[in-house]
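Tertiary structure, described
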Amino acid sequence: MEVIFVLRKCVNCNKQSSWYKIYKYFLWLHNKSIECDNCGAEHKISIPGRFAFVSLTVIPAIIFMNYLSPFGNFFVTLGIGIVILTVGSLLTPYFVEFKEAV
Ligand SMILES: [Zn+2]
C-alpha cells in the first residue's frame, strides 16, 4: 500500500509534483495536462483520481448538508458545506493518481 500524503511523482523522472500544481489543475483545467517541472513530461489525472476528487469534495458536502447538519439554519449548513468542499479540495492533490498523457 502506498503511503498517503505523498504527492504523485513524474512517471518519467520520478520527481514529485508540487501540491499547487495539482490543485490548480483541479481548479480550472481538467482537460489540460500537468507538465513535469524537471523533464517536461506530461501527465493527466487518472479516472480514479477524478473520482477521488469528487468523493472528497462534492459527496461529503452533500451528505453533510442533507443528513448530518445539526443546524436548523440553511445558510449555516450551506457555509459548512462549502468549508467541507474547500478542505476536501485542498486534500485532493495527495490522493490523485497520475498517468502519462498520450
Ligand atoms: Zn519528470
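Remember, it's a predicted structure, so these values are computed and weren't measured experimentally. (Residues numbered from 1 in each chain as written. Predicted model: local features only at pLDDT ≥ 70, side-chain atom pairs only at ≥ 80, totals over all residues.)

Residues annotated by UniProt as "transmembrane region" (unreviewed entry) correspond here to residues 51-68 and 74-96. In the segment residues 51-68, helix accounts for 94% and strand for 0%; the C-alpha atoms at its two ends are 22 Å apart. Secondary structure over residues 74-96 splits into 96% helix and 0% strand, and the C-alpha atoms at its two ends are 32 Å apart. (UniProt positions renumbered as here; feature names shortened; annotations may be inferred. Helix = DSSP H or I, 4+ residues; strand = E, 2+ residues; numbered from the N terminus.)

The subject of this paragraph is the nonpolar core. General note: in soluble globular proteins, nonpolar side chains tend to be found buried as a group. One finds I22, Y25, I34, I45, F53, L56, V96 and F98 forming the largest nonpolar core, which totals 8 residues. Breaking this core down by element, the ones donating at least two residues are α1 (19-27) and α2 (47-56). Ignoring anything within four residues of it in the chain, the contact list for F53 reads F26, T92 and V96. (Core = buried A, V, L, I, M, F, W, Y, C linked by C-beta atoms within 7 Å. Buried ≥ 20, exposed ≤ 12 C-beta atoms within 10 Å, placed from the backbone. Contact = placed C-beta atoms within 7 Å.)

Our next topic: unusual backbone geometry. One non-glycine residue with positive phi stands out, namely N14, at about 70°. With respect to the helices and strands, N14 occurs in the segment before α1. By the C-beta count within 10 Å, which is 10 here, N14 ends up exposed.

Here the focus is the sheet that holds strand β3 (residues 98-100). The sheet built from 3 strands is open, its strands ordered β1-β2-β3 with antiparallel pairing. Looking along the sheet, the strands with just one partner apiece sit at the ends: β1 (34-35) and β3. Sheet topology places strand β2 (residues 42-45) next to β3; 3 bridges connect them, and they run antiparallel. Residue pairing for β3: I45 is matched across the bridge by F98. (Pairing = 2+ DSSP bridges.)

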